[in-house]
Amino acid sequence: MFKGSMPALVTPFKNGQVDFDALKKLVEWHIAEGSHGLVPVGTTGESPTLSHAEHGQVIEEVVKAAAGRLPVIAGAGSNNTTEGIRLIQHAESVGADAALVVTPYYNKPTQAGLIAHFTALHECCNLPIIIYNIPGRSVVDMSPATMGELAKLPRIIGVKDATGDLARVPKQRITCGKDFLQISGEDATALGYNAHGGVGCISVTANIAPRLCAQFQEATLAGDYKLALEIQDRLMPLHEAIFIEPGLVGVKYGLSVLGHCSDEVRLPLVGLTEGAKAKMDAAMRFAGLIN
């Protein structure tokens, strides 16, 4: 159920408020373009600057708009276990199909603390949980051994792996088992990740190139790496341009160029510099997204 290209969905804004009309249109566009799932209110969805009410409403509206046509993995992570419980229970109550739970950031728990945190979230609901391991942001790295312990819990079903370490895939397969879903959290290395045994990507680039990202994932999962390499080469300049400045700023600019939503972001983030815009424009032309 959870495989292929799953955009880490942006949260559109208009005059400082969540633009729910644009959000619903984005869901329809992703379905039409062939995306395999949606992941609202992760970092790319600007979860740090959404209010609690906005966070919950965005997930609820995405679930309603998707209407069962593709799975919705709700962002439900916090560095406060009690808050994480509230978020994941809300996601379950509005009909999300799974929850994406980041390793607690800033307070740097031990591996034992990670096990206790994820176990508490597992026990509080019936949703499948996908661990989000991103040491570059959270400053804590869940080891393959720790992940293996958590994989013994029936509803901890996989990982979004943003370590950038392709050797993690076989290591985690050994500790977690062959049925544990390993999903890339890094577009630029998603081909290698799937070649090692991954089954998809929770993708930033798929916000603006959903059809190409879906075709790329389908090619890798079918073992057609010739086609996958061709698509990867088209997308690589875009993968790089998006992250010249914070990735969600880059994709919101790209979406504004395509006419899907404004490029508005919330402080402390600001819009792209002119130089970054020029590089985004060139990368989008190279990928064939604009003329």
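You'll find the structure just up there.
Quick notes on the rules
Residues numbered from 1 in each chain as written. Predicted model: local features only at pLDDT ≥ 70, side-chain atom pairs only at ≥ 80, totals over all residues. Heavy atoms only, no water. Pairing = 2+ DSSP bridges. Helix = DSSP H or I, 4+ residues; strand = E, 2+ residues; numbered from the N terminus. Right-handed = clockwise from strand over helix to strand, strands pointing away. Salt bridge = Lys/Arg side-chain N within 4 Å of Asp/Glu carboxyl O. Buried < 20%, exposed > 50% of the residue type's maximum accessible area, 1.4 Å probe, protein only. Axes fitted to C-alpha atoms, helices over the stretch in contact; angles between N-to-C directions.

Attention shifts here to the pairing of strand β8 (residues 181-184). The sheet contact formed by strand β7 (residues 156-161) and β8 spans four bridges and is parallel. Across the sheet, Asp 161 pairs through a bridge with Ser 184, a residue of β8. In the classification by handedness, the crossover that spans β7, the intervening helix α7 (residues 168-176) and the parallel β8 is right-handed. Note that β8 and strand β9 (residues 200-203) share two bridges and pair parallel. Counted as the bridge partner of Ser 184 is Cys 201 from β9. Assessed by its sense of winding, the connection that carries the chain from β8 through helix α8 (residues 190-195) to β9 is right-handed.

A few words on the pattern of salt bridges. Enumeration according to the criterion identifies 12 salt bridges in this entry. With a closest N to O distance of 2.6 Å, Glu 28 and Arg 69 form a salt bridge. Here the residue Glu 28 occupies a position in helix α1 (residues 20-33), and Arg 69 occupies one in the loop between α2 (52-66) and β4 (73-75), the gap between them amounting to 41 residues. Among the residues examined, Glu 28 registers a relative accessible area of 37% and is labelled partly exposed. Exposure remark for Arg 69: the relative accessible area of 43% places this residue in the partly exposed category. Arg 86 serves as the salt-bridge partner of Glu 83, at 3.1 Å between the closest nitrogen and oxygen. You can see Glu 83 and its partner Arg 86 sitting in helix α3 (residues 81-93), three residues apart, about one turn around the helix. Owing to a relative accessible area of 35%, Arg 86 belongs among the partly exposed residues under this scheme. What emerges from the salt-bridge pattern is a single network uniting Asp 141, Asp 165 and Arg 168.

Strand order in the open sheet formed by seven strands is β1-β9-β8-β7-β6-β5-β4, and the pairing between neighbours is parallel. Pairing within the sheet leaves two strands with one partner each, and these edge strands are β1 (4-7) and β4. Adjacent strand axes in the sheet meet at a mean angle of 30° when their direction is disregarded.

Residue Leu 267 is joined to Pro 268 through a cis peptide bond whose omega torsion reads 15°. By the secondary structure assignment, Pro 268 is in the loop between α11 (247-258) and α12 (274-286). The backbone of Val 41 sits at a positive phi, close to 60°, despite the residue not being glycine. Secondary-structure assignment places Val 41 in the loop between α1 and α2. Notably, Tyr 106 is not glycine yet its phi reads approximately 75°, a positive angle. As for its placement among the helices and strands, Tyr 106 is situated in the loop between β5 (98-102) and α4 (111-123). Residue Tyr 106 is classed as exposed on the basis of its relative accessible area, which comes to 72%.

The subject of this paragraph is the pairing of strand β6 (residues 129-133). Along β6, five of the five residues are buried, which leaves the element largely enclosed by surrounding structure. On β6, burial covers both faces: Ile 129, Ile 131 and Asn 133 on one face and Ile 130 and Tyr 132 on the other are all buried. Taken together, the four bridges between β5 and β6 define a ladder with parallel strand orientation. Across the sheet, Leu 100 pairs through a bridge with Ile 130, a residue of β6.

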